[in-house]
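# Fold and geometry: a report
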Amino acid sequence: SGPNQFAIVGDDSVDVTAPWVAAIGDFRKSSEGFEKFVVACSGVVLSSNMVMTAAHCFDNGVVIHPEFVRVGVTRIDQTRAQDRRIKEVKTHPDRNPPAWYFDLALIVLEEKLIFNGRVSSLCLPEKPSTHPGDGVTLLFQGWGEDINGIAGQQISEATVSSRSSQECDHRISLAGPSSIEEVETFLPNLTNSVLICADATLDAQIGACSGDSGGPA
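This text gives an overview of the structure that appears in the document. (Residues numbered from 1 in each chain as written. Predicted model: local features only at pLDDT ≥ 70, side-chain atom pairs only at ≥ 80, totals over all residues. Heavy atoms only, no water.)

## A look at the pattern of salt bridges
For the record, the criterion: Each salt bridge in this description consists of a side-chain nitrogen of Lys or Arg and a carboxyl oxygen of Asp or Glu lying within 4 Å of one another. Only protein chains enter the accessibility calculation, which uses a 1.4 Å probe; a residue whose area is less than 20% of its type maximum is buried, one above 50% is exposed, and one in between is partly exposed. For helices the rule is a DSSP run of H or I covering at least 4 residues; for strands it is a run of E covering at least 2, with both sets numbered from the N terminus onward.
Applying the stated criterion across every chain, the model contains four salt bridges. The closest approach of N and O atoms between R28 and D26, which form a salt bridge, is 3.0 Å. With a relative accessible area of 33%, R28 lands in the partly exposed category. The class of D26 is buried, set by a relative accessible area of 12%. Among the ionic pairs, R95 bridges to D59, the shortest N-O distance being 3.0 Å. One end of the pair, R95, is in the loop between β5 (82-91) and β6 (105-109); the other, D59, is in the loop between β3 (50-53) and β4 (68-71), and 36 residues separate them in sequence. By relative accessible area, R95 is classed as buried at 16%.

Given below as structure tokens:
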């Protein structure tokens, strides 16, 4: 699977509505000598001082170890961004890497976010839900690759369709020799109640990519 196989398809000319999407990353010096924000993962604003993301974004050995959260922008270099230093990261107690199950982390911010028209929390369901069913349309957003294959520059969004666990497990079980080792490493129990399998109506050009981890769906 090449890097373009999982590129998000979106309209790059229009900023998406995503006041709850956070960029998780750190500052790096550019070739011009000034500091710029580099995105490692995406996140979801839950409250004024808490953001949810993927736990693997903080694993040892990651290229960019996140120290900051940026919100209030849909393009990373826009003005009026709110940057907050990460105070604490709490990972899901049932996570057992490298398996992908329970890949969740809560970020506690040193300073509260200021909610306004550009920054707000995402409304969560009042009670837990089971699998949404087969063929349900899901919208997801993140800072991953856009239609041009560029990641970390703007928020993109795409729609995918949920698939039944039975279909997903069947497809995973058919993985060829080059993929079976990854399946056994990351999905040893195949899909289960904590995972939702989805694709874009079998369109290989639409999906989540590096940088989208932790974003909302």
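What follows continues from the structure just given.
## Some words on the state of the cysteines
Quick note on the threshold: Disulfide: a pair of cysteine sulfur atoms within 2.5 Å of each other.
Tallying each qualifying case throughout the model produces two disulfides. The partner cysteine of C168 in its disulfide is C197, sulfur to sulfur 2.0 Å. Between C168 and C197, the disulfide has an S-S torsion of -100° and is therefore left-handed. With C168 in helix α1 (residues 165-173) and C197 in strand β9 (residues 197-199), this pair connects stretches of sequence that are 29 residues apart. Ordinal numbering of bonded cysteines along the chain defines a disulfide pattern of 1-2, 3-4.

## A word on unusual backbone geometry
The peptide bond linking P97 to P98 adopts the cis configuration, its omega dihedral lying at 10°. Secondary-structure assignment places P98 in the loop between β5 and β6. Of note, R80 is a non-glycine position whose phi angle comes to about 65°, a positive value. Positionally, R80 belongs in the loop between β4 and β5. A positive phi angle, close to 55°, is found at F102, a residue other than glycine. Tracing the sequence through the fold places F102 in the loop between β5 and β6. We classify F102 as partly exposed; its relative accessible area is 27%.

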